[in-house]
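# Structural description and commentary
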Amino acid sequence: MNTSNLSYSVWAIFKNEDKLFLNKLQRNLNKKFNGPKFPLHLTISSGFKIDQKDIFYKMKLIQKESERFFIETNNFAYKNSFFQSIFLKIKINNKLTQQKKIIDKYLRPKKKIYFPHISLFYGILSIYKKKKIIKDFKKYKKRLFIKEINLVENDEKNFKWKIIKRYKI
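Read on for an overview of the structure.

Mapped onto the elements of the fold, glutamine 84 is located in the loop between β3 (69-78) and β4 (86-91). If near-sequence neighbours (up to four positions away) are discounted, glutamine 84 is found in contact with Tyr78, Lys79, Phe115 and His117.

Next up, the structure:
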């Protein structure tokens, strides 16, 4: 793997009961439209290029300051973007904002804009097709419980995401 493609991100992971419906939806979309497979997650922060030993130390500090929290979904949506093709919108709340600030304080990402969402499909589809897919979904407004954060190695050029370490919060 070419190391210039690699970066790290921190993902929020929900409890299994909250993932069942979304995993099924994701599998169906990937099967029907041939998208890359990836674990269901909410990216809290990303784009870190940092020494692995240093990031493990900083993640331990982040874990100590972190608390479990809820996020609220706000229905399905789409964008004209490969990595935000079809997703579940997330309402920004104080706990999510606080968790992002803790992570960013230690890892200092270059990316400043934050658009919280849970991707269900990565890929290129027409806007017409995306609108039709979203229209067929039922409304989905639900609270999801965040139980852990994961340190992830990203190789988006080759569509590979590797969970390096899980941190219970």
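That shown, we press on.
Turning to the pairing of strand β7 (residues 160-168), a few remarks are in order. In this sheet, β7 lies alongside strand β6 (residues 143-155) in antiparallel orientation, the contact comprising eight bridges. Within β7, the residue paired with glutamate 148 across the bridge is lysine 168. Linking two consecutive strands that pair antiparallel, namely β6 and β7, is a turn of four residues; a positive phi of about 55° is found at phenylalanine 159 within it.

Across its 14 residues, helix α2 (residues 52-65) extends 20 Å between first and last C-alpha, which sits within 8% of the 20 Å expected from 1.5 Å per residue. Regarding α2, the residues found buried are Ile55, Met59 and Ile62. Buried residues of α2 fall within an arc of 60° about the axis and therefore sit on the same side. For α2, the exposed residues set more than 90 degrees away from the buried face come down to Lys53, Tyr57 and Lys64. Of the surrounding secondary structure, the elements contacted by the buried residues of α2 are β1 (7-14), α3 (94-107), β6 and β7.

How each quantity is defined
- Residues numbered from 1 in each chain as written.
- Predicted model: local features only at pLDDT ≥ 70, side-chain atom pairs only at ≥ 80, totals over all residues.
- Heavy atoms only, no water.
- Helix = DSSP H or I, 4+ residues; strand = E, 2+ residues; numbered from the N terminus.
- Contact = heavy atoms within 4.5 Å.
- Pairing = 2+ DSSP bridges.
- Expected span 1.5 Å × (residues − 1).
- Buried < 20%, exposed > 50% of the residue type's maximum accessible area, 1.4 Å probe, protein only.
- Arc of directions from axis to C-beta.

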